[in-house]
Amino acid sequence: MSGVTIRARNIESDECDPMSMTNVVPATPRALSAARKAVSESVGQARRRRSFAVISHPDAGKSTLTEALALHARVMMRAGAVHAKDGRKGTVSDWMDIERERGISITSAALQFTYRDTVINLVDTPGHADFSEDTYRVLSAVDAAVMLVDAAKGLEVQTMKLFEVCKHRNIPIITVINKWDRAGKDVLDLMDEIQERTGLQPAPLNWPVGIAGDFRGVLDMSTGDYLKFTRTDGGATVATEEHLSAEAAEALEGEAWRQAVEESDLIVATGAGHDPEGFLAATSTPVMFGSAVLNFGVRFLLDTLVDLAPAPTARPDADGILREIDSPFSAFVFKVQAGMDVAHRDRLAFVRICSGTFERGMIVTHSGTNRPFATKYAQQVMGRERTSIDRAFPGDVVGLVNANALRVGDTLFVDEPVTFPPIPSFSPEHFAVARAKDTSRYKQFRRGIEQLDHEGVVQVLRSDLRGDQAPVLAAVGPMQFEVAEHRMAHEFNSPVSLDRLGYSLARRTDAEGRDRLRGQRAVEVLSRTDGVMLAVFSDRWRLQSVERELDDILLAPLVVSV
Ligand SMILES: Nc1nc2c(ncn2[C@@H]2O[C@H](COP(=O)(O)OP(=O)(O)OP(=O)(O)O)[C@@H](O)[C@H]2O)c(=O)[nH]1
Ligand SMILES: [Mg+2]
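Because the structure is a prediction, the values reported are computed rather than measured.

Conventions and cut-offs
- Residues numbered from 1 in each chain as written.
- Chains lettered and ligands numbered in written order.
- Predicted model: local features only at pLDDT ≥ 70, side-chain atom pairs only at ≥ 80, totals over all residues.
- Heavy atoms only, no water.
- Pairing = 2+ DSSP bridges.
- Helix = DSSP H or I, 4+ residues; strand = E, 2+ residues; numbered from the N terminus.
- Axes fitted to C-alpha atoms, helices over the stretch in contact; angles between N-to-C directions.
- Contact = heavy atoms within 4.5 Å.
- Core = buried A, V, L, I, M, F, W, Y, C linked by side-chain atoms within 4.5 Å.
- Buried < 20%, exposed > 50% of the residue type's maximum accessible area, 1.4 Å probe, protein only.

Participant: I tried to follow the pairing of strand β25 (residues 459-462) on my own but got confused; where do I start?
Facilitator: Here is the key point about a regular strand: its side chains alternate between the two faces of the sheet. In this sheet, strand β26 (residues 472-475) lies alongside β25 in antiparallel orientation, the contact comprising three bridges. Note that in β26 the partner of L461 across the bridge is V472. Here β25 runs beside strand β29 (residues 523-528); their pairing, made up of two bridges, is antiparallel. Across the sheet, L461 pairs through a bridge with R528, a residue of β29.

Now the structure itself:
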C-alpha cells in the first residue's frame, strides 16, 4: 500500500461494465497446478492477516482511532489536517459530504495497511443507532472487533447493543478505553462496569498511569515496565513513546506510578489476566487505555491486534459446513456503496474474502444466479481513495467496481460452489412515502431510489395501491431518511419530498395474509425488493388486536433485534 495520495487510477468510465458476463474457461492441467499453488499460498497469507471493525457508541472516537492506527502504520505521512481545530472533519474514513458537514460517521469505511508484516483490514463503523444495520453488516465480515469506551461515559446503550451482537456472533472483542486525556471515570469502576454489564471478564493488558484527565502513560502489564507518552504538537504526528523500567517510572511519576501498580496488582489478584481462549470464545476481553486524538496507546493496540487477534479461519456456509481457508476462492458482499467517486458515478461492492486467492480479472461465479463474472476492476479502498489490487487473500476486504449485479449478502466463488449465510435486515420502525419534487425527473428518481435500496441506506417498499411513483422508504432510525434525502438531491439530482407514515412496526406475511389484511384499519401490506411482504402496523396494540382477530395468518417477527 503506497499511501493515500494515489487516486483511483484504474477506474474506467461508466460505459464499460467490468463485471460483465464472460464464458467459463475449462480447467487445464497447468491451470490446476497453478490453482494448487495459489491454495497453499492462501493459507500462509491468511495467517498474516487481521480483519476487524472499530465499534462503539457515537462520538467515542472510532474515526479518530482509525486515522491514528493508519497513521502509526505510516500509511499517512501526517494526519495534520485531521485533528486540527475543526476536529474530525477530515478523517479519512468519514469521506461523505454529509459526514464531513455533520462530523459524524454515517456509513462504514474500509482501510487496509501493513504493520509488522501483517496486513490489517480495518472497518470504521458509524456509532449512531440509526445506522446500526450498517455496523451489523460489517460485523458479519470481520474476525474481531475493537470496542471503544469513552472514559467519561462508560458503557452506553448503543455500546451494549453492539456487545450483544459480538457475543451472539462469537466475535472476540478488544476493549479500548479512549479519551483518557480527559476527565473521566475511575479506572476500577470502569473495570467493574465492563464485567457487570457485559458479562465479559476484562483482562487489562496495560494500566493507566495518572487518572483520567492526567494521562501520563501506561504500565505494560506483561512486563511491568512503563510506557511514557509524550504529547506532540496537536497529536498530528506519531506520538513519541519512551520505554522506562519500573524503578525509573517510580522515580519519575511517584504516587501516580505507585497507584497504577497497586491497582493493577489488585486486578491481577482477581484472576483478570489475559486469557487467550476466553478472548477467542468472547468470554473475556483484553482492555487497554489510550487517547486516539493524541495517538496515545495506538501502537500498543496495533501490536495487540497482530499478537492476539485471530487470523481468518474457516467460515461456515449457509448450511453450517465450513469453507476452509485453502478451498478455492470464495467471498461474500457485505456492503454496496455508490457515489464514492462523483466523477465516475461508480458503484462498489465490498467483499470479504473467505477462502483461496483472489486474482484481479479472475472469473468467479455468483452463487445466487450461477452467472460467471469477470472481476476486472478490483480495488483496495482507503476511505475515498483507492488503488488497484492484483491479488488478495482470506480476511481481505476488496472493492469490486461497478459490480452492478451484486447485492449485500451475495456469495462469489470459483470451482467449488458455496453460499454463505444471508445477512439479515433489521426490522424497520420508521416509514415515509418518497415522491420526486420535480416529476419530470422521474428517471433520476427511480434510479436513485433503486441505488439506495441496493446499498441498504433504507429499505424500499412498494404496493400496487401506492404505485412506483410513491415508494415507501423504511428505516431503523430517522437519520437514514435524512441521508436518503441528501443523496437523492445531491447525488442523483432528484430532490424528494418525504411524508412520514404513522406506522412503527413490521411483520413478515404472505399473499394470504396480504389478502386478509386488506381493509384493516392502520395496517398496510408492502413488498420489499427481495419479494418479502411486510405488514406494517401503527403500533403494538394494533398488531395485537389484529393477531387476536386473524389468529391464523402469518405475522412473523423479522430477524435480528438487538
Ligand atoms: N479528548 C479527546 N478527544 C477525542 C479522543 N478521540 C476522539 N476525540 C474527539 O471526539 C470527537 C468524536 O470523534 P470521532 O472519531 O468522530 O468519533 P466516532 O466514534 O467516529 O463518532 P461516530 O462515527 O459519529 O459515531 C472528535 O471531536 C474527536 O476529536 C481522545 O482520545 N481524546
Ligand atoms: Mg466515526
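Participant: When you look at the sheet that holds strand β11 (residues 284-289) in this model, what are you seeing that I'm missing?
Facilitator: The mixed open sheet is built from seven strands, whose spatial order is β2-β3-β1-β4-β5-β11-β6. The sheet is open, and its two edges are formed by β2 (109-115) and β6 (201-204), each paired on a single side. The mean angle between the axes of side-by-side strands here comes to 30°, regardless of whether they run parallel or antiparallel. For β2 and strand β3 (residues 118-124), the ladder comprises seven bridges, and the chain directions are antiparallel. Looking at β3, one finds that A109 is bridged to D124. Relative to the sheet, helix α5 (residues 157-168) contacts β1 (49-55), β4 (144-150) and β5 (173-178), its axis offset from that of β4 by approximately 160°.

Participant: Can you walk me through the sheet that holds β25 in this structure?
Facilitator: Strand pairing in a sheet takes place through backbone hydrogen bonds and is either antiparallel or parallel in direction. Taken in spatial order, the seven strands line up as β27-β24-β26-β25-β29-β30-β28 in an open sheet, and their pairing is antiparallel. For this open sheet the edge positions go to β27 (496-500) and β28 (505-509), each flanked by a neighbour on one side alone. Put simply, the sheet's adjacent strands are angled 40° from each other on average, direction ignored. Where strand β24 (residues 430-436) and β26 come together, four bridges link them in antiparallel fashion. Bridging across to β26, F431 finds its partner in A474.

Participant: Just to check I follow, could you spell out the nonpolar core for this structure?
Facilitator: Nonpolar side chains tend toward joint burial in soluble globular proteins. Residues L139 and I177 are the most contacted members of the largest nonpolar core, which totals 91 residues. In this view, I177 contacts V149, A151, L190, M191, I194, V287, M288, F289 and G290; residues no more than four positions away in its chain are not counted. Judged by nonpolar contacts, the second largest core, of 22 residues, contains M96, F131, M479 and V496.

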